[in-house]
Amino acid sequence: MNIFKIRKFNLGLFSVFSLIVSLVFTSRVYAVEVFNDTKQVYYMDKFVVKEEEGFKNINSEIYGDVLIDKITNDKSVIKGRSFKNSLVKFLINDIEYTINTDEDGNFTLLLEEGVLVDVDQVNVKVYDYLSNELTHASFVVHDILPPIDPQVNGVINNGDNLVKGYGEPNSSIKLLIGDEEFIGAIGGNGIFEIEVGDSLRDASSIKLVSYDYFNNHSNVIESQIKDIIPPEKPQINVVDYENNLITGVGESFCEVVVEFDGNKYKSYVDESGHFFVYNDEGELEQVDNVKVRVIDLSGNVSEEVFLKLQKENVGKLMLKSLDVDNKIIRDAMIKVNGMDDSLLNEDKIFNLNSEGNLFLEDLPFGDYELVIRYRNNENQLEENVLKITINEEQSEVEVLID
């Protein structure tokens with residue numbers, strides 16, 4: 001009897017254990033049946049959310065009882081999951097798209113290419129086979145498309161203080177000028193204007209890039225700047241008569257044009273802003289006036305500088321006739337001894353001009369011998385010699401011929 005009771009007791013424990021397992025199994029089966037019954041699932045709050053928790057990742061979004069792969073505006077397919085054998089309706093740009101879920105609740109909606117490009121959100125509603133609404137949700141369409149490349153209007157000049165152009169509507173734009181950065185906004189009409197002050201003056205190009213709300217950025221666009229500002233006036237520092245050089249300063253990398261005595265001499269301003277012009281004909285000592293201008297790489301010409309040369313240690317000899325109508329005086333031959341003939345004209349013998357005058361300029365300080373030869377009324381050759389001195393105290397000597 002004792003043994004029978006023990007066995008009966010053990011059997012009772014086994015029966016209890018079986019009952020518990022049976023209840024658990026029955027409960028699990030019931031849960032599966034509930035999932036199969038869309039009406040009962042509808043009344044079980046967030047049932048699908050709990051069941052699909054492991055399915056959710058950064059590439060999908062869940063709202064209520066609808067799980068959808070992340071929607072981006074470059075897609076033409078929307079995939080997701082909801083109640084099985086249900087009807088899913090999408091509202092995109094006031095157009096309704098309808099699709100059914102399969103036995104597992106999955107669905108795939110095919111759209112025309114580009115439908116989602118300008119869409120901000122997609123509204124979703126799920127219905128059972130009796131057209132009862134089971135759930136609804138709204139999903140954001142993530143913008144991953146870069147904005148269009150910005151462009152400037154026309155030609156940018158380095159004298160402008162405003163950069164105008166067009167780009168992606170309602171986006172931001174960044175303008176780079178050298179190390180400077182300017183931020184602007186592109187309006188709903190796609191037009192932008194950015195004030196830059198005088199930053200374009202010394203720039204050769206600018207760079208533009210635009211950003212949208214989702215921080216997508218366009219390509220970096222570079223635009224060249226047209227130089228319309230003439231260079232500043234050059235400056236002459238030294239006129240070296242001994243070496244026939246003219247030196248000065250001007251805008252770097254410009255061409256230098258020097259004019260005197262009807263001739264043009266060209267050179268270039270170096271990187272440091274200095275230039276020199278060499279007169280290989282050796283005529284610089286006879287030059288009184290010099291004109292200089294510089295031309296930049298864009299062809300802009302500076303204001304011309306006119307320089308009257310102030311020569312050092314030189315004087316002037318002036319001969320004047322007291323009787324302009326006197327034929328003897330007009331025909332007189334004049335020569336200056338004691339000076340370098342290269343400082344005079346090619347003629348070594350001079351005559352008075354029609355007004356009875358002769359001017360010899362830029363004579364170096366020193367002693368000279370003025371020789372005047374003429375024929376008298378008897379047609380005999382006569383000669384008058386006059387010694388003169390030109391120095392700092394007497395830089396201009398005037399000789400009257402009677």
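Coordinates for the structure precede this section.
Predicted model, so just to flag it, every value in this text is computed and none were measured.

Analysis parameters
Residues numbered from 1 in each chain as written. Predicted model: local features only at pLDDT ≥ 70, side-chain atom pairs only at ≥ 80, totals over all residues. Heavy atoms only, no water. Helix = DSSP H or I, 4+ residues; strand = E, 2+ residues; numbered from the N terminus. Buried < 20%, exposed > 50% of the residue type's maximum accessible area, 1.4 Å probe, protein only. Contact = heavy atoms within 4.5 Å. Areas by Shrake-Rupley, 256 points an atom, 1.4 Å probe, with all protein chains shown as cover. 1 Å grid on protein atoms, 1.4 Å probe; cavity = no way out; pocket = protein on both sides within 12 Å on 5 of 7 lines; lining within 4 Å. Points joined across faces, edges and corners; volume = space filled by probe spheres on them. Nonpolar A, V, L, I, M, F, W, Y, C, P; charged D, E, K, R; others polar. Polar contact = N/O pair within 3.5 Å; in protein donor to acceptor, adjacent residues only side chain to side chain. Core = buried A, V, L, I, M, F, W, Y, C linked by side-chain atoms within 4.5 Å. Phe/Tyr/Trp six-rings, centres within 6.5 Å; stacked < 30°, edge-to-face > 60°. Lys NZ or Arg CZ within 6 Å of the ring centre and 35° of its normal. Pairing = 2+ DSSP bridges. Axes fitted to C-alpha atoms, helices over the stretch in contact; angles between N-to-C directions. Salt bridge = Lys/Arg side-chain N within 4 Å of Asp/Glu carboxyl O. Patch = residues over 30% accessible without salt bridge, like charges linked within 9 Å, V, L, I, M, F, W, Y side chains within 5 Å.

(A) A look at the overall build of the protein. Tallying secondary structure elements over the protein gives 4 helices and 29 strands in all. Each of the 402 residues in the protein was classed as buried or not, and the buried ones make up 35%. Put simply, of all contacts in the protein between residues at least 6 apart along the chain, 54% involve residues at least 24 apart. Of the accessible surface of the protein, which amounts to about 25400 Å², a share of 48% is contributed by carbon and sulfur atoms.

(B) Inspection of the layout of surface pockets at higher detail. Reported here for the largest pocket is a volume of approximately 430 Å³. Around the largest pocket, the lining comprises 17 residues; the ones closest to its centre are Val117, Asp118, Asp120, Asp143 and Glu168. Class assignment of the residues belonging to the lining of the largest pocket gives a composition of 9 nonpolar, 3 polar and 5 charged. In this model, the second largest pocket occupies a volume close to 330 Å³. Contributing to the lining of the second largest pocket are 18 residues, with Asn158, Arg201, Asp202, Asp227 and Glu251 lying nearest its centre. When grouped by side-chain class, the residues that make up the lining of the second largest pocket number 7 nonpolar, 4 polar and 7 charged.

(C) Spatial organisation of the side chain of Ser82. Mapped onto the fold, Ser82 is located in the loop between strand E3 (77–81) and strand E4 (87–92). For Ser82, a relative accessible area of 2% puts it in the buried group. A polar side-chain atom of Ser82 sits 3.0 Å from the main-chain carbonyl oxygen of Asp65. Once you skip the residues sitting within four places of it in the chain, Ser82 turns out to touch Asp65, Val66, Gly105, Phe107 and Val126.

(D) Seen up close, the nonpolar core. Among the nonpolar cores identified, the biggest contains 22 residues, and Ile68, Phe90, Ile92 and Val122 are the most heavily contacted of them. Of all the elements in the fold, those that place two or more residues in this core are strand E2 (66–69), E4, strand E6 (106–110), strand E7 (121–127) and strand E8 (133–140). Of all hydrophobic cores here, the second largest spans 19 residues; its members include Leu319, Ile372, Ile390 and Ile401.

(E) Spotlight on the packing of aromatic side chains. This structure, assessed with the given rule, holds 3 aromatic pairs. Taking the centre distance of 4.9 Å and the plane angle of 15° together, the rings of Phe260 and Tyr265 count as stacked. Under the relative-accessibility criterion, Phe260 is labelled buried at 3%. The lysine or arginine in question, Lys89, covers the ring of Tyr127, its NZ or CZ lying 5.0 Å from the ring centre.

(F) How the structure looks around the environment of Ala332. Here Ala332 is to be found in the loop between helix H4 (327–330) and strand E25 (333–337). Classification of Ala332 by relative accessible area gives buried; the value is 6%. Through-space distance from the C-alpha of Ala332 to that of Ile372 is 6.6 Å; in sequence the pair is 40 residues apart. Apart from the residues within four sequence positions on either side, Ala332 is in contact with Phe350, Asn351, Ile372, Arg373 and Tyr374.

(G) Region of interest: the sheet that holds strand E21 (residues 274–278). Read from one edge to the other, the open sheet built from 3 strands follows the order E17-E18-E21, with strand pairing classed as antiparallel. Here the strands that pair on one side only, and so sit at the sheet edges, are strand E17 (235–240) and E21. Each strand axis lies, on average, 20° off the axis of its neighbour in the sheet, ignoring direction. Here strand E18 (residues 245–249) runs beside E21; their pairing, made up of 5 bridges, is antiparallel. The partner of Thr247 across the bridge, within E21, is Phe276.

(H) Quick look at the pattern of salt bridges. Taken as a whole and judged by the stated rule, the model has 7 salt bridges. Its salt-bridge partner being Lys84, residue Glu103 comes within 3.7 Å of it at the nearest N-O pair. Taken as a pair, Glu103 in the loop between strand E5 (95–100) and E6 and Lys84 in the loop between E3 and E4 lie far apart in primary sequence, 19 residues in all. One salt bridge connects Lys387 with Glu369, and the closest N-O pair in it is separated by 3.2 Å. Placement of Lys387 in strand E28 (residues 381–390) and of Glu369 in strand E27 (residues 366–375) is noted, with a sequence separation of 18 residues between them. Shared partners join several salt bridges into a network, and the residues in it are Glu259, Arg293 and Glu304.

(I) Region of the structure containing a nonpolar patch on the surface. A contiguous nonpolar surface patch, about 200 Å² in accessible area, is contributed by Val117, Ile144 and Leu145. Exposure remark for Leu145: the relative accessible area of 30% places this residue in the partly exposed category.

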